[in-house]
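The primary structure of each chain is shown beneath.
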Amino acid sequence: MTAYTLLWFDVEDYVEPQSDDALKGLIEAFEANGVQGTWKLVGEKARVLEQRERTDVVRLLQRQDIGYHTDFHSRHPVLAEYLDQMGWEDGIRELVRREAPGYADLVRICGPASTFGQAGGSWAPQIGPLMRELGIPLFMDEASHLGLDGGPFWYCGVLHVNRLGEFCTRMHFTRGEEGLEEGNRAFDTIRERLDPASGLISIYYHPCEFSTQGFWDGANFARGANPPRTEWKSPPLRTQTDMRNCLDLFSRYLTHIVSQPNVEVITGRQLLNLLPDRAQGRSFAPAEIARLADFQDGQITFKQLEDAVLAPSELFALVVEALASVTYRNHLPETLTVSTPMGPTRRKSSTIEPGSAIPIGPFLETCADVADFLGVHGRLPDNAWVGVERLSPADFFLTAISLLQQFV
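The following paragraphs examine the structure supplied in this document.

Here we look at unusual backbone geometry
In step 1: Look at the link from His76 to Pro77: it is a cis peptide, with omega at 0 degrees.
In step 2: Along the chain, the position of Pro77 falls in the loop between β3 (65-68) and α4 (79-83).
In step 3: Even without a glycine there, the phi angle at Thr70 is positive, about 75 degrees.
In step 4: Looking at the element boundaries, Thr70 is found in the loop between β3 and α4.
In step 5: The phi dihedral of Cys156 falls on the positive side, at around 60 degrees, and the residue is not glycine.
In step 6: For Cys156, the location among the structural elements is in the loop between β6 (153-155) and β7 (158-161).
In step 7: On the basis of relative accessible area, Cys156 is assigned to the buried category, the value being 18%.

In structure tokens form, the structure reads like this:
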């Protein structure tokens, strides 16, 4: 099988000009090897390249695959800080307010992004809707959250490459020739035992690693520090000779990867073509939905088809739409098309005792109300109201499935 290999870079140091030269050297290594990488730029970094008149670097970037890495990365308040006390919908609006201008600058300077990556450990669930708002279809990172069996997966309508674990590797260029040999062996080992289910290897760096001996944000914004721009400082620089040696080691590492059999270096944008969300736009008859949404053990989870996966929220929306049709038109529709709403924002319990009988008429009215809520808010409600009583989303869903199974 083909070992599809992603090489991606968090391009974020907008403090130290020498990092621009490291970025240029890395892109030139890709061009020399006839492949492309994915370069996730901070908005301020793109603006700084423009202000420094580094048109040489910008032109190189324009020939590569571009990603977005937030507007200011580690400058406070970071994404997780300003969203900490906000709810779902107001948080989405605030995230768009703060991040859309930076993305607009990135598009203007370098081009549209295929990919988004969080800044450091700063993540929030509203990132999914932000990406959909900006039209960025892929989340690519290597963090401790949001993983699924060490492979890529669709979540919130966005393809995720995150927490690949043993299928994520890198060459430690600071170890010189020994590091290169170790990196080559590590890549070859992963390639030979690659998971057939994903077929994906992830490799990431920061260009500033090649130019400085510490991270730019650690030197300025660590532990809540937020100095004014006039007081920003760079970490210790690598000498020009050291930087060239580090870049040479990376170039040789990339050459080794490209030369291996059954290896294809791809970008984030190309990955989207390899792993489309095959559930989107797919239609199902009500009887198929009733069969797929059969959670006899009460454990609500995703459903695997031969060529697609349906998330619980997608099944929820299909079941609700089917029953809402009974309310409005007195019959089930012939087919229903998959949509991807978000989940609820709060955990609410039911006030109706388990096993209590709920009259079909009032429950169908509840289904119509929930369908309207999905259309307006794009997410599951925190609870479904049956008169003055409420059902948790899970209890409502299981009850709705049972009713749909009676109708088909």
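So much for the structure itself; the text now carries on.
Re the side chain of Arg191
In step 1: Structurally, the position occupied by Arg191 is in helix α7 (residues 176-192).
In step 2: Those residues in contact with Arg191, other than ones at most four positions away along the chain, are Ala3, Ile201, Gln260, Pro261 and Val263.

Notes on the packing of aromatic side chains
Both the distance between ring centres and the angle between the ring planes are used here to describe each pair of aromatic rings.
In step 1: With the rule as written, the count across this model stands at 24 aromatic pairs.
In step 2: Summarising the aromatic geometry, the rings of Tyr68 and Tyr103 are spaced 5.4 Å apart at their centres and angled 55 degrees between planes, so their arrangement reads as tilted. Within this pair, whereas Tyr68 is found in strand β3, its partner Tyr103 is found in helix α5 (residues 88-109), the two being separated by 35 residues in sequence.
In step 3: Overall, the relative accessible area of 0% leaves Tyr68 in the buried class.
In step 4: Ring plane angle 50 degrees and centroid distance 5.7 Å describe the contact between Phe316 and Phe396, whose orientation is recorded as tilted. With Phe316 in helix α12 (residues 312-329) and Phe396 in helix α14 (residues 393-407), this residue pair connects regions lying 80 residues apart in the sequence.
In step 5: On the accessibility criterion, Phe316 (2% relative accessible area) is buried.
In step 6: With relative accessibility at 1%, the residue Phe396 sits in the buried group.
In step 7: The lysine or arginine in question, Arg98, covers the ring of Tyr82, its NZ or CZ lying 4.3 Å from the ring centre.

A word on the packing of helix α2 (residues 43-51) against α5
In step 1: Running from N to C, α2 and α5 cross one another at 45 degrees; their axes reach a closest spacing of 8 Å. For the element pair α2 / α5, the angle class is oblique. Of the two possible hands of crossing, α2 and α5 adopt the one that is left-handed. Contacts between α2 and α5 involve Gly43, Ala46, Arg47 and Glu50 on the former and, on the latter, Gly102, Asp105, Leu106, Arg108 and Ile109.
In step 2: For the contact of α2 with α5, the per-class residue count stands at three nonpolar, two polar and four charged.

A few points about α12
In step 1: Along its 18 residues, α12 runs 26 Å from first to last C-alpha, staying within 8% of the 26 Å computed at 1.5 Å per residue.
In step 2: Counting buried positions over the 18 residues of α12 gives 13, a clear majority of the element.
In step 3: Just past α12, the residue Asn330 takes up positive phi, approximately 65 degrees.

What to know about the pattern of salt bridges
In step 1: The full count for this structure, using the stated rule, is 28 salt bridges.
In step 2: Measuring nitrogen to oxygen at the nearest pair gives 2.9 Å for the salt bridge that ties Arg47 to Asp71. With a gap of 24 residues between them, Arg47 in helix α2 and Asp71 in the loop between β3 and α4 connect regions that are remote in the sequence.
In step 3: By relative accessible area, which is 11% here, Arg47 ends up buried.
In step 4: Take Asp71: its relative accessible area is 7%, and that puts it in the buried class.
In step 5: The salt bridge involving Arg238 is made with Asp242; its shortest N-O contact spans 3.1 Å.

A few points about the pairing of strand β1 (residues 3-11)
In step 1: Counting buried residues in β1 gives eight out of nine residues, a clear majority hidden from the surface.
In step 2: Pairing geometry for β1 and strand β10 (residues 263-266), over four bridges, is parallel. Bridged to Thr5 within β10 is Val265.
In step 3: Note: β1 against strand β9 (residues 200-205), six bridges, orientation parallel. Following the sheet pairing, Phe9 is matched in β9 by Tyr205.

Some details on helix α3 (residues 55-62)
In step 1: When α3 is considered as a whole, its buried residues turn out to be Val57, Val58, Leu60 and Leu61. When α3 is viewed along its axis, its buried side chains cluster within an angular range of 160 degrees and face the same direction.

What to know about the nonpolar core
In step 1: Counting residues in each nonpolar core, the largest one holds 77 residues, and the members touching the most others are Trp39, Leu41, Leu61 and Phe250.
In step 2: The element contributing the most residues to this core is helix α9 (residues 240-259), with eight residues.
In step 3: Not counting residues up to four positions away in its chain, the partners in contact with Leu41 are Val11, Ala46, Leu49, Leu61, Ile66, Gly67, Tyr68, His69, Thr70, Leu106 and Cys110.
In step 4: Grouped together as the second largest cluster of nonpolar side chains are 37 residues, Leu305, Leu318, Phe363 and Ala384 included.

Quick look at the side chain of Ser325
In step 1: Within the fold, Ser325 resides in helix α12.
In step 2: Ignoring sequence-local partners within four residues, the contact set of Ser325 consists of Asn330, His331, Leu332 and Pro333.

Things to note about a nonpolar patch on the surface
In step 1: A cluster of nonpolar side chains, contributed by Leu148, Phe302 and Val309, occupies part of the molecular surface with about 230 Å² of accessible area.
In step 2: Tracing the chain through its elements places Leu148 in the loop between β5 (138-140) and β6.

What counts and what doesn't
Residues numbered from 1 in each chain as written. Predicted model: local features only at pLDDT ≥ 70, side-chain atom pairs only at ≥ 80, totals over all residues. Heavy atoms only, no water. Helix = DSSP H or I, 4+ residues; strand = E, 2+ residues; numbered from the N terminus. Buried < 20%, exposed > 50% of the residue type's maximum accessible area, 1.4 Å probe, protein only. Contact = heavy atoms within 4.5 Å. Phe/Tyr/Trp six-rings, centres within 6.5 Å; stacked < 30°, edge-to-face > 60°. Lys NZ or Arg CZ within 6 Å of the ring centre and 35° of its normal. Axes fitted to C-alpha atoms, helices over the stretch in contact; angles between N-to-C directions. Parallel < 35°, antiparallel > 145°, perpendicular 65-115°, else oblique. Left-handed = near helix turned anticlockwise from the far one by under 90°. Nonpolar A, V, L, I, M, F, W, Y, C, P; charged D, E, K, R; others polar. Expected span 1.5 Å × (residues − 1). Salt bridge = Lys/Arg side-chain N within 4 Å of Asp/Glu carboxyl O. Pairing = 2+ DSSP bridges. Arc of directions from axis to C-beta. Core = buried A, V, L, I, M, F, W, Y, C linked by side-chain atoms within 4.5 Å. Patch = residues over 30% accessible without salt bridge, like charges linked within 9 Å, V, L, I, M, F, W, Y side chains within 5 Å. Areas by Shrake-Rupley, 256 points an atom, 1.4 Å probe, with all protein chains shown as cover.

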